Amino acid sequence: MDIPADLRFSTDHEWVRVEGTRVTIGITDYAQDALGDVVFVELPEQGANLSAGEGFGEVESTKSVSDLFAPVSGTVVEVNADLADTPEKLNSDPYGEGWICVVEIADASALESLMDAEAYSALTES
Amino acid sequence: MSETSPTSEPRRTALYDTHVAAGARMVPFAGWEMPIQYEGVIAEHTWCRTHAALFDVAHMAVVDLLGEDPASALERLTPAGITTLDAGRQRYLLLTNDAGGVIDDAMVANIAPGHLRLVVNAGRRDVDLPHLIAGLPELDVIERTDLGILALQGPEAAAVIERVMPGHLPGRFLDVVTVDDLTVSRSGYTGEDGVEIIAPTERLGGLADRLIADDRVAWAGLGARDTLRLEAGLCLYGNDLDESISPVEAGLVWSMPKRRREAGDFPGGARVSRELAEGPRWTRVGLRPDGRRPVRDGATLTSADGADAGIVTSGGFGPTVDAPVAMGYVPPAFAEPGTPLVAEVRGKSVAVTVAELPFVPANFAR
């Protein structure tokens, strides 16, 4: 299971890549494997306000529907519109082309509550 | 895929270890622990449509009906034509209740004089067996727990059988050949050509090993089985059929020959006759959602002007169609292909269009 060392992770199996006050959000390799083939992603609207722990979208696989839970609070400044036609990128490249959205975070200190790669690795193995 | 059995410990088929070694994800299904997927549902689905996919369906129940005239006896429980089923042939049938609902859908094969063989749904086995035993007192009704089923499905399935199991390929769709302790039928649940092999449990592993060794064959799980049958417009008991839905509503009039329909001499015959004369209150149709969001079972349907228009009973993503597909029951006024409807999916409205079934044309060896 691929868990990049430079990312932070939520208990809901989402990752964030921190770049200043902006974070890119996606789902982890563990999450995409558990979901199976992703066939639809409901993206948040640009400008939407996310609250940490609250649902902000949906991922549908051939088997089921899963909510996306915001790993941090903030404002959506960019969404990966390519996922509308190629939702399978969540499976093939979850940390790259399968990114979901970019969020301007309200409070950078909230990132500290997220796990590092080592802690997330322990979570997925437990 | 919502059927569950009250038994606590799920049963395992003879091939459980084979599935785990092949990388399967095992899930509880109808009282069994079954492979939902190996490589992935879309890859397995596509392999079945283009090559040959191997399914372990040993959870389904094999029931032999033995006696002097099992065909006449079985016709008391079904509107299908059984006395007209030739030896070496197989047929789809519905077991109906007195209210005209469907107790189960099944396949029946004429194995030999005095010997019919039924294959019934795993999730209905506990209902079907007592029903058959009570309804067929002059026959021996014997569940064959010593047998299991493998399905090999896809355009290359017949060629694989001819190479790996020479002399075991039935000639055309719904033919059945019996060789020693194997019964092979040209049938399946995918819309593709293929076979279903009924074998003694202890032979399943060896047969599976020989079939999977052929480069044209790959394992497929229950996930792909569901998307394949949905694209093929085939009913899943518990979703598209239940004890309240009639054969006429389900669009399965073809499974009732004229002789049986006119006589009405089967459980629920009065309702079937009435619905054939007056039309059913609703009928099963295909549905094509706009966009890519799947519409799944349980979603309610409304017409363009907000009138109640029925319910979705099966739905998901169709890998061959490369779009979401669904089936549901709608009043006759909305059943015409092309009719626009709206499905409610977790509080969101999704536009759907009534469509012809199947979504993918059948590829049988006629």
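Just so you know, these numbers come straight off a predicted model, no measurement behind them.

## A look at the overall build of chain A
For step 1, the next point in the chain: What chain A contains, in helices and strands, is three helices and nine strands.
For step 2, the next point in the chain: Each helix and strand of chain A, ordered N terminal to C terminal, gives the series β-β-β-α-β-β-β-β-β-α-β-α.
For step 3, the next point in the chain: Radius of gyration (C-alpha) of chain A: 13 Å, near the 14 Å computed for a compact globule of 126 residues.
For step 4, the next point in the chain: Along the first, second and third principal axes, the C-alpha atoms of chain A reach 35 × 35 × 20 Å.
For step 5, the next point in the chain: A total of 126 residues make up chain A; the buried ones form 48% of that total.
For step 6, the next point in the chain: In chain A, 62% of the contacts between residues at least 6 apart in sequence involve partners at least 24 apart.
For step 7, the next point in the chain: Summed over all atoms, the accessible surface of chain A reaches about 5,700 Å², with 44% contributed by carbon and sulfur.
For step 8, the next point in the chain: Within chain A, one finds 5 positive and 26 negative side-chain charges whose respective centroids are separated by 4 Å.

## What to know about the domain arrangement of chain B
All names here are of chain B.
For step 1, the next point in the chain: In terms of domain boundaries, chain B breaks down into domain 1 (16–59 + 146–231) and domain 2 (282–366).
For step 2, the next point in the chain: One C-alpha centre belongs to domain 1, the other to domain 2, and the line joining them spans 29 Å.
For step 3, the next point in the chain: Every contact between the two is made by 14 residues of domain 1 and, on the other side, 20 residues of domain 2.
For step 4, the next point in the chain: Taken together, both faces of the contact between domain 1 and domain 2 bury some 1,400 Å²; the carbon and sulfur share is 62%.
For step 5, the next point in the chain: Its largest share of buried area at the contact with domain 2, domain 1 owes to Phe-173, Leu-230 and Glu-231, together 48% of the area lost on that side.

## Remarks on the confidence of the model for chain B
Should pLDDT be low for a region, the predicted coordinates there are not to be read in detail.
Residue and element names in this part refer to chain B.
For step 1, the next point in the chain: On average, chain B scores 96 in pLDDT, and the residues at 70 or more come to 98%.
For step 2, the next point in the chain: Low pLDDT (under 50) marks residues 1–5, which in the prediction has 16 contacts with non-local residues, meaning those over four places away or in another chain.
For step 3, the next point in the chain: Reported confidence for the predicted complex is 0.90 by ipTM and 0.95 by pTM.

## Re the nonpolar core
Side chains that are nonpolar tend, in soluble globular proteins, to be buried together.
Residues and elements named next belong to chain B.
For step 1, the next point in the chain: Grouped together as the largest cluster of nonpolar side chains are 26 residues, with contacts concentrated most on Leu-54, Leu-150, Leu-152, Met-165, Ile-197 and Leu-211.
For step 2, the next point in the chain: Looking at this core, the elements that each hand over two or more residues are β4 (52–56), β10 (147–153), α5 (157–164), β12 (182–185), β13 (194–200), α6 (201–212) and β14 (217–219).
For step 3, the next point in the chain: With residues up to four places along the chain from it excluded, the contact list for Ile-197 reads Gly-148, Ile-149, Leu-150, Ile-161, Met-165, Thr-183, Val-184, Leu-207 and Leu-211.

## Comments concerning the side chain of His168(B)
Residue and element names in this part refer to chain B.
For step 1, the next point in the chain: By secondary structure assignment, the location of His-168 is in the loop between α5 and β11 (176–179).
For step 2, the next point in the chain: For His-168, a relative accessible area of 13% translates into the label buried.
For step 3, the next point in the chain: With residues up to four places along the chain from it excluded, the contact list for His-168 reads Ile-161, Val-177, Val-179, Leu-182 and Val-184.

## Details of empty space enclosed by the protein
Residue and element names in this part refer to chain B.
For step 1, the next point in the chain: Scanning the entire structure with this criterion turns up one cavity of 30 Å³ or more.
For step 2, the next point in the chain: Roughly 50 Å³ of internal volume is contained in the largest cavity.
For step 3, the next point in the chain: For the largest cavity, the full set of lining residues is Gln-90, Ala-109, Ile-111, Arg-117, Val-119, Val-176, Thr-183, Ser-185, Glu-196 and Ile-198.
For step 4, the next point in the chain: Taken together, the elements giving at least two residues each to the lining of the largest cavity come down to β7 (102–112), β8 (115–120), β12 and β13.
For step 5, the next point in the chain: Of the residues contributing to the lining of the largest cavity, the split by class is five nonpolar, three polar and two charged.

## So, the pattern of salt bridges
Two side chains bearing opposite charge may form a pair once their charged atoms approach each other closely.
Residues and elements named next belong to chain B.
For step 1, the next point in the chain: Taken as a whole, this structure holds 35 salt bridges over all chains when the rule is applied.
For step 2, the next point in the chain: Linking Arg-216 and Asp-214 is a salt bridge whose minimum nitrogen-to-oxygen distance equals 2.8 Å.
For step 3, the next point in the chain: With a relative accessible area of 5%, Asp-214 lands in the buried category.
For step 4, the next point in the chain: For the salt bridge of Glu-262 with Lys-258, the shortest nitrogen-to-oxygen distance reads 3.8 Å.

Here is what the cut-offs are and how they apply
Throughout this document, residue positions are counted from 1 along each chain, in the order its sequence is written. Chains carry letters and ligands carry numbers; both start at the beginning, A for chains and 1 for ligands, and go up in the order they are written. Two thresholds apply to this predicted model, a pLDDT of at least 70 for residue-level local features and 80 or more for giving and counting side-chain atom pairs, whereas whole-chain, interface and lining totals are computed over all residues. To get the side-chain values, all heavy atoms of the structure are used, and hydrogens and water are removed first. Each helix corresponds to a stretch of at least 4 residues labelled H or I by DSSP, and each strand to a stretch of at least 2 residues labelled E; elements are numbered beginning at the N terminus. C-alpha atoms define the radius of gyration in this analysis, and the globule rule sets the expected value at 2.2 Å times the number of residues to the power 0.38. Whether a residue is buried, partly exposed or exposed follows from its accessible area with a 1.4 Å probe, protein chains only, as a fraction of its type maximum: under 20%, in between, or over 50%, in that order. In what follows, a contact means two residues having at least one pair of non-hydrogen atoms within 4.5 Å. Working definition of accessibility: Shrake-Rupley area with a 1.4 Å probe, residue cover restricted to the visible protein chains. Note that His is not counted, nor are the chain ends; the positive residues are Lys and Arg, and the negative ones are Asp and Glu. The atom standing in for a charge is NZ when the residue is Lys, CZ when it is Arg, CG when it is Asp and CD when it is Glu. Domain boundaries shown here were taken from an automatic or database domain assignment. Summed over both partners, the accessible surface that disappears when two parts come together, traced with a 1.4 Å probe, is what is meant by buried area. As a per-residue measure, pLDDT reflects the predictor's confidence and takes values from 0 up to 100. Within this scheme, the nonpolar core is defined by two criteria: the residues are buried Ala, Val, Leu, Ile, Met, Phe, Trp, Tyr or Cys, and they are joined through side-chain atoms within 4.5 Å. Buriedness of a pocket was judged along seven lines, with at least five required to meet protein on both sides within 12 Å; pockets are open sets of points on a 1 Å grid over the protein atoms alone, cavities are sets where a 1.4 Å probe fits but cannot get out, and lining residues have an atom within 4 Å of a point. Grid points are joined across faces, edges and corners, and a volume is the space filled by probe spheres set on the points. Residues are grouped as follows: Ala, Val, Leu, Ile, Met, Phe, Trp, Tyr, Cys and Pro are nonpolar; Asp, Glu, Lys and Arg are charged; all remaining types, including Gly, are polar. Any carboxyl oxygen of Asp or Glu within 4 Å of a side-chain nitrogen of Lys or Arg constitutes a salt bridge here.

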